[in-house]
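# Coordinate analysis (summary)
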Amino acid sequence: MEHRYYNYYEAHEATIDLGDITSSAKNANTLQRLRDGDDKLCHLSLGRGIWDDFNVDEDDDMGWLGYFIGKSVCLQGIGINYLPDGEE
């Protein structure tokens, strides 16, 4: 996986197509909510279940997920139920 710096995400935040960096429409919607500062998204659940807000898959760019989580002023907690094996 390509390593990127914060400046990369800052420069591309407004123009990135969320559908291109996620494995599903559900995940793209969650990233959109994080990017838009949705004040109803105060807890984020990561996993592979139907109740998780973000279903982690190898086709997801976790760098963007981390960037949007870090920029969120509304998010108060994250539950991690699953991460793929072999991730660095």
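Here, every reference points to the structure presented above.
Only a predicted model underlies this, so the values are computations on that prediction, with no experimental measurement involved. (Residues numbered from 1 in each chain as written. Predicted model: local features only at pLDDT ≥ 70, side-chain atom pairs only at ≥ 80, totals over all residues. Heavy atoms only, no water.)

Moving on to the nonpolar core. It is characteristic of soluble globular proteins that their nonpolar side chains tend to be buried jointly. Grouped together as the largest cluster of nonpolar side chains are 18 residues, with contacts concentrated most on Leu18, Leu31, Leu34, Leu44, Trp64, Leu65 and Phe68. By residue number, the principal contributor to this core is helix 3 (residues 62-71), which donates five residues. (Core = buried A, V, L, I, M, F, W, Y, C linked by side-chain atoms within 4.5 Å. Buried < 20%, exposed > 50% of the residue type's maximum accessible area, 1.4 Å probe, protein only. Helix = DSSP H or I, 4+ residues; strand = E, 2+ residues; numbered from the N terminus.)

Here the focus is helix 2 (residues 25-36). The end-to-end C-alpha separation of helix 2 is 16 Å, in line with the 16 Å expected for twelve residues at 1.5 Å each. For helix 2, every residue scored as buried is listed here: Asn27, Ala28, Thr30, Leu31 and Leu34. The arc enclosing the buried residues of helix 2, seen along the axis, measures out at 160°, which places them on a common side. Away from its buried face by more than 90 degrees, helix 2 exposes Ala25 and Asp36. For helix 2, the secondary structure elements touched by its buried residues are strand 1 (43-47), strand 2 (54-55) and helix 3. The positive-phi residue at the C-terminal boundary of helix 2 is Gly37, with phi of around 75°. (Expected span 1.5 Å × (residues − 1). Arc of directions from axis to C-beta. Contact = heavy atoms within 4.5 Å.)

Looking only at helix 3, the buried set comprises Trp64, Leu65, Tyr67, Phe68 and Ile69. Here the buried face of helix 3 lies against helix 1 (6-12), helix 2, strand 1, strand 2 and strand 3 (77-80). For helix 3, the N-terminal cap is Asp61; the gap from its side-chain oxygen to the backbone nitrogen of Gly63 is 2.9 Å. (Polar contact = N/O pair within 3.5 Å; in protein donor to acceptor, adjacent residues only side chain to side chain.)

Before going further, it helps to spend a moment on the pairing of strand 3. Of the two faces of strand 3, the one holding Gly77 and Gly79 is buried and the one holding Ile78 and Ile80 is not buried anywhere. Judged from the four bridges that link them, strand 1 and strand 3 form a sheet pairing that is parallel. Paired with His43 across the bridge in strand 3 is Gly77. (Pairing = 2+ DSSP bridges.)

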